[in-house]
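# Topology and contacts: notes
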Amino acid sequence: MRTARKFDDIRRSPIIDIADSVRELEKRGVPIIKLETGEPHGTSPRAAIEAVRSALTRDTTHYSHSRGLPELRSCVCEYYNGLYDSALTPDRHVLITPGAKQALLYALMSLVEPGDEVIVPIPAWSSYIDMIRLAGGAPVVAATERARDFEVVPEIINAALSKKTKAIVLNSPSNPTGKIIRKAVLERIYKICLNHDIVLIADEIYDRLVFDGYGFASVLSLSKDLAHCILINGFSKTFAMTGWRLGFTLASPEIIDIMLKIQQNSATCPTTFTQYGAIEAMRSGQEFVQVQRRYYQGNRDRLVKECASMQHIRLLPPEGGLYAFIDISGISSDSRAWSLDFLKRFHVAVTPGIAFGDSAEGFIRVCIGTSGENITEFIKRFKACIGST
Ligand code: PLP
């Protein structure tokens, strides 16, 4: 059988592979503390769940508008226009998608032609690299410096530029480092984009999960009409709605119209009844977001304190997002082997740093969007493992 060679370079997601091995262990009856995926703690907002129940009784089991329900697009626009004094419109600037992941793929497909390069600062969420390849482009990694705690700086973007550069993908707060790109830095990177006719794809999926003392800057604060920008976000992390598969994009009508063509000819539209729940989440779930954020802040603070007292390891204090990025290079230089050993002997699943790029080797990523009990267990077992290494 002759399968397509163009997928030869595309890797399976190492993060999802780990999650699958965890499921297999669980099937054999081994209880695992699961901190390997960005799965927010707790149930989605009750009111959103009720809104879906009620929607289902109203025969909402058919296709929706291919851009997403107009009411949901309006909610998204109202939220952003209120925050940034922009004039984004539901019919021209928004596309609702089956998850932010789908939105990112559409965005890349809408820009990239064969051979075009897309810059990704690393450490980065591994899907960016493979999505760029899926879209037919060439990923160009821009390594941030470990000595500067993986801060994204304009200099690394400048160094990665070429005539073929079509886009840059930025993720702030970052998965996996937990770092937030300061507004002044974002502005400088945006200027590079404007000067070189490059599009800035901003994955802002963790924008509401920002820890005390830190500030988030959206690309919308740089350009109210999103010139040369694509803003990606979704409901998964903000509202603990990962399984609902709903994301959205805000961009110029030129970009949205191309993304719409891709959606119409692939997914058709996002699931209709889950969109009714998302409308309710936007309308009444803002307190829920704050409660979740405070909960994660508690987990983060405990981990920061505990790690500070441990020898041979260092935690980069998370500024936002769902993860703690821990330097274990004082214990092991093989994060994959170490994580597998930790899983097998201590029944805790974390993601090895190598999954986020070569420069992240020697780190592990731990999800802090989990229960306080899981964090307690992680600390206990991590200390025991380190003591025993
Ligand atoms: N972007 C980043 C940085 C992520 O970490 C994730 C999920 O882990 C996503 C996007 C995907 O979000 P969604 O569930 O909306 O597809």
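A brief report on the enclosed structure follows. It should be emphasised that the depicted structure is a prediction, and the values quoted were computed from it without experimental measurement. (Residues numbered from 1 in each chain as written. Predicted model: local features only at pLDDT ≥ 70, side-chain atom pairs only at ≥ 80, totals over all residues. Heavy atoms only, no water.)

## A few points about the pairing of strand β8 (residues 247-251)
The test is simple: Only protein chains enter the area calculation, which uses a 1.4 Å probe; residues under 20% of their type maximum are buried, those over 50% are exposed, and those in between are partly exposed. Note on conventions: DSSP H or I runs of at least 4 residues are helices, E runs of at least 2 residues are strands, and numbering of each starts at the N terminus. In this analysis, strands are considered paired if DSSP registers two or more bridges between them.
Burial analysis of β8 places five of its five residues in the buried class, which makes it a mostly covered element. Burial along β8 is two-sided: the residues Gly247, Thr249 and Ala251 and Phe248 and Leu250 are all buried. Here four bridges tie strand β2 (residues 94-97) to β8, and the two strands are oriented antiparallel to one another. Across the sheet, the residue bridging to Thr97 is Gly247, located in β8. By the bridge criterion, five bridges tie strand β7 (residues 229-234) to β8 in an arrangement that is antiparallel. Following the sheet pairing, Ile232 is matched in β8 by Thr249.

## Observations concerning the site of the ligand
What counts, and what does not: In this text, near means that some heavy atom of the residue lies within 4 Å of the molecule or strand in question. Contacts described as polar in this section are N or O atom pairs within 3.5 Å, which, within protein, must combine one atom able to donate a hydrogen with one able to accept it, while residues neighboring in sequence count only if both atoms come from side chains. Here the open area of atoms and residues is found with the Shrake-Rupley method and a 1.4 Å probe, where only the protein chains shown may cover a residue. Polar here means any residue other than Ala, Val, Leu, Ile, Met, Phe, Trp, Tyr, Cys and Pro, which are nonpolar, and Asp, Glu, Lys and Arg, which are charged; Gly is therefore polar.
Around the ligand there are 13 residues in total, and Ala100, Asp203, Tyr206, Ser236 and Arg245 lie nearest to it. At 2.7 Å, a backbone N or O of Ala100 approaches an oxygen atom of the ligand. Measuring from an oxygen atom of the ligand, one finds a side-chain N or O atom of Ser236 at 2.7 Å. For the ligand, whose unbound accessible area comes to 400 Å², protein coverage reaches 92%. Taken together, the residues that form the shell around the ligand break down as five nonpolar, four polar and four charged.

## What to know about the packing of helix α3 (residues 70-84) against helix α9 (residues 272-284)
For clarity, the threshold we go by: Note on geometry: axes are C-alpha line fits, over the in-contact stretch for helices, and angles between N-to-C directions span 0 to 180 degrees. An angle below 35 degrees is treated as roughly parallel, one above 145 as roughly antiparallel, one from 65 to 115 as roughly perpendicular, and anything else as oblique. In this scheme the crossing of two helices becomes right-handed for a clockwise turn of the near helix relative to the far one and left-handed for an anticlockwise turn of less than a right angle. Every residue pair with non-hydrogen atoms within 4.5 Å of one another is taken to be in contact.
Direction vectors running N to C along α3 and α9 enclose 25°, while the axes themselves pass 9 Å from each other. Judged by the angle between their axes, α3 and α9 are roughly parallel. With respect to the hand of their crossing, α3 and α9 are arranged in left-handed fashion. When α3 is examined against α9, the residues Glu71, Leu72, Cys75, Val76 and Tyr79 are found in contact with a partner set consisting of Gln275, Tyr276, Ala278, Ile279, Met282 and Arg283. Taken together, the residues of the contact of α3 with α9 break down into eight nonpolar, one polar and two charged.

## Considering the nonpolar core
Within soluble globular proteins, side chains that are nonpolar tend to cluster in buried spots. The test is simple: Definition of nonpolar core: a set of buried residues of the types Ala, Val, Leu, Ile, Met, Phe, Trp, Tyr and Cys, connected through side-chain atoms within 4.5 Å.
Residues Ile201, Ile326, Phe378 and Phe382 are the most contacted members of the largest nonpolar core, which totals 73 residues. No other element matches the eight residues that helix α4 (residues 100-111) contributes to this core. Residues contacting Ile201, with those up to four places away along its chain left out, are Leu104, Leu108, Leu111, Ala167, Ile168, Val169, Leu170, Ile230 and Ile232. Ranked by size, the runner-up nonpolar core spans 55 residues in total, among them Val94, Val185, Phe235 and Leu250.

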